[in-house]
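Here is what each chain is made of, one letter per residue.
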Amino acid sequence: MRFRHPDGTTVHLAYCTNVHPAETLDGVLAQLRDHCEPVRRRLGRDRLGIGLWLAKDAAHALDTDPAALRGLRAALDRRGLEVVTLNGFPYEGFGAEQVKYRVYRPDWADPERLEHTTALARVLTGLLPDDLTEGSVSTLPLGWRTTWTDARAEAAHAALLTLAERLDALADLTGRSVRVGLEPEPGCIVETTGDALAPLTAVGHPRIGVCVDTCHLATSFEDPHTALDALAAARVPVVKSQLSAALHAEHPRLPAVREALATFDEPRFLHQTRTVGDTGRLHGTDDLDQALTGDALPDTSPWRAHFHVPLHAAPAAPLTSTLPVLKDTLTRLVGGPHPLTRHLEVETYTWQALPPALRPRGRAQLADGIAAELALARDLLTDLGLKELP
């Protein structure tokens, strides 16, 4: 979906396909048929943007076989779909029964991460619509904190410098610019937007910036305006933003709240949980079950958990979502005289991880839910003065 900002800039809204597990190119093509096109039809649009997640095998197939890449591009056109952004965070196995810490491997100290991201950038230049020349790729925020060393930090820095050189060369070769954004996430070396400032200013390249995920931002209790102002002051570009909402518990000390939170404790994904203590210090656990057992977290202040809940359907009381943080972030991103980013992506990948009573039953209900999320995001954008384009 495309929108015209009052300054004339085109802003793109997509939804991320990592909600539909697929490791191969055939699986990606099936996604377009079974999920993406039905969502487009529900929205009554001739064109729908999707943020493709391409796992290692699918990306390799597209990068090494020009005919396969042309075939995917033709399938997108045929189904009324377009791609301006890729989700390059998960490398493989995102549809596995247990993902947890695996999603952070390989990290940016591993040569495989550089090669995979370079492949994604090359693929994206072949998928961009004919009238566009700018694409984006989101990637993991360097690595998980417990495995990090000074040597790994140096290797990651060198990899990002190499990536920047490759993106420059790709732009010269194709006439299309691809930017890559580190996506701050709780528990990682780059947990917050503030953590991103040092490594990205050290790289100092306009094609390497930040992907602001509004669930992650909220989970870490970051103020959107403060965070985005700091990025702007440091000249770190917001390459894209993922529109998502975290799980919020206002009174975690209450038994009813603990019981409600426990229904979101599931074995597939990691649900980092955070709270701000009386002294203003951020406290956290790696997963929701750790927060719910014992006294790992102070419980006199609200808790937030890294669980992407549907934008249009906040959990029932006594829980809620951080949709207000998303709205504040979006206002700062695109509500001003000029947009701070042109690529927005709804990313609720946890539909099948929701408590059983809230999970969609079958493809039709899932498509209904994704369409409802996109409709909400569309309304937020038009309320900010953007005009939806055909």
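Anything mentioned here points back to the structure above.
Procedures and definitions
Throughout this document, residue positions are counted from 1 along each chain, in the order its sequence is written. Totals for whole chains, interfaces and linings use all residues, but because this is a predicted model, local features are given only for residues with pLDDT of at least 70 and pairs of side-chain atoms are given and counted only at 80 or more. Computation of side-chain values: all heavy atoms of the structure, hydrogens and water removed. Put simply, DSSP H or I for four residues or longer makes a helix, DSSP E for two residues or longer makes a strand, and each gets a number counted from the N terminus. Throughout, a residue-residue contact means that at least one pair of heavy atoms, one from each residue, lies within 4.5 Å. In this tally Asp and Glu are treated as negative and Lys and Arg as positive; neither His nor the chain ends contributes. Note on charges: their place is set at NZ of Lys, CZ of Arg, CG of Asp or CD of Glu. Residue exposure (1.4 Å probe, protein chains only): buried if accessible area is under 20% of the type maximum, exposed if over 50%, otherwise partly exposed. What makes two strands pair is DSSP finding at least two bridges between them. Here an axis means a line fitted to C-alpha atoms, over the contact stretch when the element is a helix, while the angle between two N-to-C directions is reported on a 0 to 180 degree scale. A helix is expected to span 1.5 Å for every residue after the first. Pairs of N or O atoms within 3.5 Å make up the polar contacts considered here, provided that, within protein, one atom can donate a hydrogen while the other can accept it, and that residues adjacent in sequence are counted only when both atoms are side-chain atoms. The cut-offs work like this: below 35 degrees is roughly parallel, past 145 is roughly antiparallel, 65 to 115 is roughly perpendicular, and the gaps in between are oblique. Just so you know the grouping, Ala, Val, Leu, Ile, Met, Phe, Trp, Tyr, Cys and Pro go in nonpolar, Asp, Glu, Lys and Arg go in charged, and all remaining residues, Gly too, go in polar. To pair, rings of Phe, Tyr and Trp, with the six-membered ring standing in for Trp, must have centres within 6.5 Å; the planes then decide the type, stacked if under 30 degrees apart, edge-to-face if over 60, and tilted in the middle. Here, nonpolar core refers to any group of buried Ala, Val, Leu, Ile, Met, Phe, Trp, Tyr and Cys residues whose side-chain atoms link them within 4.5 Å. Any Lys or Arg side-chain nitrogen located within 4 Å of an Asp or Glu carboxyl oxygen qualifies as a salt bridge. To be clear, the arc concerns the directions from the helix axis to the C-beta atoms.

Undergrad: Describe the overall build of the protein, listing the residues and the values that go with them.
TA: Helix and strand counts for the protein stand at 12 helices and 15 strands. Principal-axis analysis of the C-alpha atoms places the extent of the protein at approximately 55 × 50 × 45 Å. The long-range share in the protein, meaning contacts at least 24 apart out of those at least 6 apart in sequence, stands at 79%. The positive charge centre, built from 40 side chains, and the negative charge centre, built from 51, are 5 Å apart in the protein.

Undergrad: With reference to specific residues and values, describe the pairing of strand 3 (residues 48-53).
TA: With six of six residues buried, strand 3 is to be regarded as a mostly interior element. Bridging between strand 2 (residues 10-16) and strand 3 involves three bridges; their strand directions are parallel. Residue pairing in the sheet places Tyr-15 in a bridge with Ile-50 of strand 3. Sheet analysis places strand 3 next to strand 4 (residues 81-87), joined by five bridges and oriented parallel. Within strand 4, the position partnered with Trp-53 by the bridge is Asn-87.

Undergrad: How would you explain the sheet that holds strand 12 (residues 303-309) if you had to name every residue and give the values?
TA: Spatially, five strands are ordered 11-10-12-9-13 in an open sheet, and the strand pairing comes out antiparallel. Of all the strands in the sheet, the pair left with one neighbour each is strand 11 (282-285) and strand 13 (319-321). Each adjacent strand pair in this sheet contributes to an overall mean axis angle of 30 degrees, direction not counted. Two strands pair when backbone bridges link them, and strand 9 (residues 245-249) and strand 13 are joined in this way by three bridges, in the antiparallel orientation. Opposite Ala-249, over in strand 13, you have Leu-319 as the bridge partner.

Undergrad: Residues and numbers for helix 4 (residues 111-127), please.
TA: Look at helix 4: 25 Å from first C-alpha to last across 17 residues, which is about the 24 Å you get at 1.5 Å a residue. By the burial criterion, the buried members of helix 4 are Arg-113, Leu-114, His-116, Thr-117, Thr-118, Ala-119, Leu-120, Ala-121, Val-123, Leu-124, Thr-125 and Leu-127. Where helix 4 begins, the capping side chain belongs to Asp-110, and its oxygen is found 2.9 Å from the backbone nitrogen of Glu-112.

Undergrad: Hey, could you go over unusual backbone geometry for me, with residue numbers and the actual values?
TA: In this model, Arg-105 is joined to Pro-106 through a cis peptide bond whose omega is -10 degrees. Looking at where Pro-106 falls in the secondary structure, it is placed in the loop between strand 4 and helix 4. Put simply, Ala-317 and Pro-318 share a cis peptide bond, and its omega is 15 degrees. With respect to the helices and strands, the residue Pro-318 is situated in the loop between strand 12 and strand 13. One non-glycine residue, Phe-221, adopts positive backbone phi at about 55 degrees.

Undergrad: Quick rundown of the packing of helix 1 (residues 25-43) against helix 3 (residues 66-78)? Include the residues and the values.
TA: It is the contact of helix 1 with helix 3, at a shortest axis distance of 10 Å, that shows an interaxial angle of 10 degrees. Comparing their axes, helix 3 and helix 1 come out roughly parallel. Residues Leu-25, Val-28, Leu-29 and Leu-32 of helix 1 lie in contact with helix 3, whose contacting residues are Ala-68, Leu-72, Ala-75 and Leu-76. Of the residues assigned to the contact of helix 1 with helix 3, the class counts are eight nonpolar, no polar and no charged.

Undergrad: Help me get a handle on the packing of aromatic side chains, residues and values and all.
TA: Applying the stated criterion to the full structure yields eight aromatic pairs. With a centroid separation of 5.3 Å and an interplanar angle of 80 degrees, the aromatic rings of Tyr-101 and Trp-144 are classed as edge-to-face. One end of the pair, Tyr-101, is in the loop between strand 4 and helix 4; the other, Trp-144, is in the loop between strand 5 (134-139) and helix 5 (150-174), with 43 residues separating them in the sequence. In this structure Tyr-101 comes out as partly exposed when scored by relative accessible area, which is 33%. Judged by its relative accessible area of 5%, Trp-144 is buried. Through pairs of rings, three or more aromatic residues link up here, namely Trp-53, Phe-94, Phe-269 and Tyr-349.

Undergrad: Please provide a residue-by-residue account of the nonpolar core, values included.
TA: By size, the foremost hydrophobic cluster in this structure holds 114 residues, and its most contacted members are Leu-13, Tyr-15, Ile-50, Leu-54, Trp-108 and Leu-374. If one sorts the elements of this core by residue count, helix 12 (residues 363-383) sits on top with 10 residues. Those residues in contact with Trp-108 that lie beyond four places of it in its chain are Arg-113, Leu-114, Thr-117, Thr-139, Leu-140, Leu-142, Ala-155, Ala-156, Ala-159, Leu-160, Leu-163 and Leu-182.

Undergrad: Give a detailed account of the pattern of salt bridges, specifying residues and quantitative values.
TA: A full pass over the atoms with the stated rule returns 26 salt bridges. Among the ionic pairs, Glu-82 bridges to Arg-2, the shortest N-O distance being 2.9 Å. Here Glu-82 is found in strand 4, whereas its partner Arg-2 is found in strand 1 (residues 2-4), with 80 residues between them in sequence. Each of Arg-2, Arg-47, Glu-82 and Asp-131 takes part in salt bridges that share partners, so that together they form one network.

Undergrad: Quick rundown of the environment of Val-203? Include the residues and the values.
TA: Tracing the backbone shows Val-203 in helix 6 (residues 193-203). Overall, the relative accessible area of 10% leaves Val-203 in the buried class. It is 42 Å that separates the C-alpha atoms of Val-203 and Arg-359, two residues lying 156 residues apart in sequence. Not counting the four nearest positions on each side in its chain, Val-203 is found in contact with His-157, Leu-160, Leu-161 and Ile-208.

Undergrad: An account of helix 3 is needed here, citing residue identities and associated values.
TA: Under the 1.5 Å per step criterion, the end-to-end length of helix 3 is 18 Å for 13 residues, consistent within 8% with the ideal 18 Å. Every buried residue belonging to helix 3 is among Ala-68, Leu-69, Leu-72, Arg-73, Ala-75 and Leu-76, and all of these are buried. Looking straight down helix 3, one finds that the buried residues subtend no more than 160 degrees of arc, so they occupy a single side. Of the residues in helix 3, the exposed ones pointing more than 90 degrees away from the buried face are Pro-66, Arg-70 and Arg-78.

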